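What the coordinates show
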Amino acid sequence: MAETKREIERKYEATGDDVRLPDLTKVTGVAGVVDKGVAELDAVYYDTQDLRLAADSLTLRRRTGGDDAGWHLKFPVATGIRDEIRAPLSPDVPRTLAALLRSRVRDTRLTPVVRLLSSRHVRHLLDGDGTLLAEVSVDAVRAERLSPAPGATAAWTEVEVELADDVDPALLDRVEKRLRKAGLRPSHSASKLARALAETAPDTPDTPAVLVVEKAPATDKTTDKTTDETTAGDHVLGYLRAQRDALVDLDPAVRRDLPDSVHQMRVATRRMRSAFKSYGKVLDRTVTDPVGEELKWLAGELGVDRDQEVLTERLQGRIAALPRPLLLGPVRGRLRIWSVARRSGSRRKTIAVLDSKRYLALLDTLDALLDGPPLRPAARRPVAQVVPKAVLKDYDRLAGRIAHALELGPGGPRDLAMHDARKAAKRARYAAEAAKPALGAPAKKFARRMKAVQTVLGDHQDSVVAREALRGLAIQAHLAGESAFTWGLLHGQEAATAADRERELPEVWRKASRPGLRERLLA
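What this report covers is the structure whose coordinates are included nearby.

Some remarks on the overall build of the protein
When its secondary structure is counted, the protein shows 16 helices and 9 strands. In terms of overall dimensions, the protein has C-alpha extents of about 80 × 65 × 45 Å along its principal axes. Within the protein, buried positions represent 48% of all 523 residues. Of the contacts made within the protein by residues no fewer than 6 positions apart, 73% connect residues no fewer than 24 positions apart. Approximately 25200 Å² of the protein is accessible, and the part contributed by carbon and sulfur atoms is 52%.

Observations regarding unusual backbone geometry
Apart from glycine, the bulk of residues carry a negative phi angle, and the bulk of peptide bonds sit in the trans form. With an omega of -15°, the peptide bond running from Ser-147 to Pro-148 counts as cis. Among the secondary structure elements, Pro-148 is positioned in the loop between β7 (132-145) and β8 (153-163). Of note in this structure, Leu-51 is not a glycine but carries a positive phi near 55°. Inspection of the secondary structure puts Leu-51 in the loop between β2 (32-47) and α1 (52-55). Residue Asp-257 is not a glycine yet carries a positive backbone phi of 60°.

Considering the environment of Ala-384
Along the polypeptide, Ala-384 turns up in helix α12 (residues 383-407). Distance from Ala-384 to Ala-232, taken between C-alpha atoms, is 7.7 Å for residues 152 residues apart in sequence.

Considerations on helix α14 (residues 441-479)
Relative to the 57 Å expected for 39 residues at 1.5 Å per residue, α14 spans 56 Å between its end C-alpha atoms, a close match to the ideal helical length. Looking one or two places after α14, you find Gly-481, whose phi comes out positive at around 80°.

Here's the deal with helix α5 (residues 192-200)
For α5, the tally of buried residues reaches 7 of 9 residues, placing the bulk of the element in the interior. If you check which residues of α5 are buried, you get Lys-192, Leu-193, Ala-194, Arg-195, Ala-196, Leu-197 and Thr-200.

Remarks on a positive patch on the surface
Taken together, Lys-436, Lys-444, Lys-445, Arg-448, Lys-451, Lys-511, Arg-514 and Arg-520 make up a surface patch of like positive charges. Here the element with the most residues in the positive patch is α14; it accounts for 4 residues. Tracing the chain through its elements places Arg-514 in the loop between α15 (485-512) and α16 (517-522). With relative accessibility at 39%, the residue Arg-514 sits in the partly exposed group.

Focus: the pairing of strand β5 (residues 81-87)
Most of β5 is tucked away, with 5 of its 7 residues classed as buried. Relative to β5, strand β1 (residues 3-13) is paired through 6 bridges, and the arrangement is antiparallel. Bridging across to β5, Lys-5 finds its partner in Glu-84. Two strands pair when backbone bridges link them, and strand β4 (residues 70-78) and β5 are joined in this way by 7 bridges, in the antiparallel orientation. Bridged to Leu-73 within β5 is Ile-85. Connecting the antiparallel pair β4 and β5 is a turn made up of 2 residues, with Gly-80 showing a positive phi of about 80°.

Here's the deal with the packing of aromatic side chains
Under the definition given, this model contains 3 aromatic pairs. Here Tyr-46 and Trp-71 contribute two aromatic rings whose centre-to-centre distance is 5.1 Å and whose plane-to-plane angle is 55°, an arrangement assigned as tilted. In this pair, Tyr-46 is assigned in strand β2 and Trp-71 in strand β4, connecting sequence segments 25 residues apart. Residue Tyr-46 is classed as buried on the basis of its relative accessible area, which comes to 14%. Using a relative accessible area of 0% as the deciding quantity, one classes Trp-71 as buried. Pairing Tyr-395 with Trp-509 gives two aromatic rings, centres 5.6 Å apart and planes at 25°, and the pair type is stacked. Of this pair, Tyr-395 sits in helix α12 while Trp-509 sits in helix α15, and the two are 114 residues apart along the sequence. The buried category is assigned to Tyr-395, whose relative accessible area is 9%. Put simply, the rings of Tyr-395, Phe-446 and Trp-509 touch in pairs and so form one group of aromatic residues.

Here's the deal with the environment of Val-236
Note on placement: Val-236 falls in helix α6 (residues 232-255). Contact partners of Val-236, with chain neighbours within four places excluded, come to Tyr-279, Val-282 and Leu-283.

Let's talk about the packing of helix α8 (residues 285-321) against α14
Look at α8 against α14: their axes get within 10 Å of each other, and the N-to-C directions meet at 75°. As the angle between them shows, α8 and α14 are arranged roughly perpendicular. Each of Leu-311, Arg-314 and Leu-315 in α8 lies in contact with α14, whose residues at this interface are Asp-459, Asp-462, Ser-463, Val-465, Ala-466, Ala-469, Leu-470 and Leu-473. Here the residues of the contact of α8 with α14 sort into 7 nonpolar, 1 polar and 3 charged.

Side note on the environment of Ala-424
Relative to the elements of secondary structure, Ala-424 occurs in helix α13 (residues 412-439). Sequence spacing of Ala-424 and Tyr-395 is 29 residues, and the spatial spacing of their C-alpha atoms is 8.1 Å.

Regarding the side chain of Arg-314
Counting through the fold element by element, Arg-314 comes out in helix α8. Sequence-distant contacts of Arg-314, defined by excluding residues within four places in its chain, comprise Asp-459, Asp-462, Ser-463, Ala-466, Glu-494 and Thr-497.

Conventions and cut-offs
- Residues numbered from 1 in each chain as written.
- Predicted model: local features only at pLDDT ≥ 70, side-chain atom pairs only at ≥ 80, totals over all residues.
- Heavy atoms only, no water.
- Helix = DSSP H or I, 4+ residues; strand = E, 2+ residues; numbered from the N terminus.
- Buried < 20%, exposed > 50% of the residue type's maximum accessible area, 1.4 Å probe, protein only.
- Contact = heavy atoms within 4.5 Å.
- Areas by Shrake-Rupley, 256 points an atom, 1.4 Å probe, with all protein chains shown as cover.
- Expected span 1.5 Å × (residues − 1).
- Patch = residues over 30% accessible without salt bridge, like charges linked within 9 Å, V, L, I, M, F, W, Y side chains within 5 Å.
- Salt bridge = Lys/Arg side-chain N within 4 Å of Asp/Glu carboxyl O.
- Lys, Arg positive; Asp, Glu negative; His and termini not counted.
- Charge placed at Lys NZ, Arg CZ, Asp CG, Glu CD.
- Pairing = 2+ DSSP bridges.
- Phe/Tyr/Trp six-rings, centres within 6.5 Å; stacked < 30°, edge-to-face > 60°.
- Axes fitted to C-alpha atoms, helices over the stretch in contact; angles between N-to-C directions.
- Parallel < 35°, antiparallel > 145°, perpendicular 65-115°, else oblique.
- Nonpolar A, V, L, I, M, F, W, Y, C, P; charged D, E, K, R; others polar.

What follows is the structure in structure tokens.
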């Protein structure tokens, strides 16, 4: 079994081997310093031959010595913060850790790349009650390159301050102030491995270089702001690469069942698929459409858990808002049983999808497509000549679908038409978000307006799905001899919500499509 620990630490450069720490009881809040002695640590770090993990600021090691011997896999969370996932000692990389690296490693073998021998002198900083605040260690490190190009060595001494669990991070600032006065300076390397790779790297063109920086976790942000010289191809490919990277980065988060990870991974797939369609004049759709279908498959598989979670939360909220006299029968218990039954095995299915050959083949396909993109002639044109027109094309598509939905009377056909309009609104929003680096404020405002339209249409669709679920719950309750009154009441509330959204849509659309929209995007 693997366990996870949030690691909050700072590293400091030391000159020479004889490092003398200042009196840390002078730090506010620190009442005592306890010498815990010296531990001899032996760590072997694993990576691919082209150092994919190091390039993403991930570390995988097998360490003996000390009180935490075992396998350690570290993921960056923010500057100075990492999640360390531990597994017991074993000869080979544990399957639990290997799975978390699959989106990066795939079928490539993990091999030892660096060995670090550290003589660690540990002190514990305690408060007045004897509670551990932080661990300060002076590490004398000797690094040996194992591969590629083995043989090189390096040695240095560093100071590491690691915060104890649930301690205010402000303590690190106070300790750092004291260490700086003693002549220590923050380390230029994000980790021991990064420094070892940099200092033992042979000066040959065949050896992969690793940039010694600490990588931030994936976000929804697009590429940096473009310039007048940026081509449409460069702009679109930059956006797509950001989404591909997000997909790879979020894979282990989904496997760890971290909050919102499935949703964010689905968003990355949808943004890529949407970009393929929106920017068909930049990338050949005969090549990208099949990839888009695979992305659609992945989003659908990932959506099993997420859609059920959202629906359950919606119904729970409805039930919580009802006065107690209107809750007839075991309503909450019925909903809980229904939700568990629908989610049974879905988590296991999600992991199976991420382990499947089809998914790994999709990641390889995305890499190949972005390395050798099927560019069309418009890709060579300036971004300002191509991107605004693509956004407006999606806007016109949305306008047509909304007009069609508003022409229909209430009922099934209108529900389907509004669902189609919702998908068009999402595509127009994604196109505008992708255009932000090129178009700036107009694209940002446009995306915000499209999101407002999408929100109204999305709530309408959620009510459609909720009504179908409530009908099924009412049938189950009736067949079990329970009252179906509450489920019918909730069904009526959802129908009223749908009617409200239908009445609201024309005004929201009027505001979103106000005059001057085209002119601002094309300016």
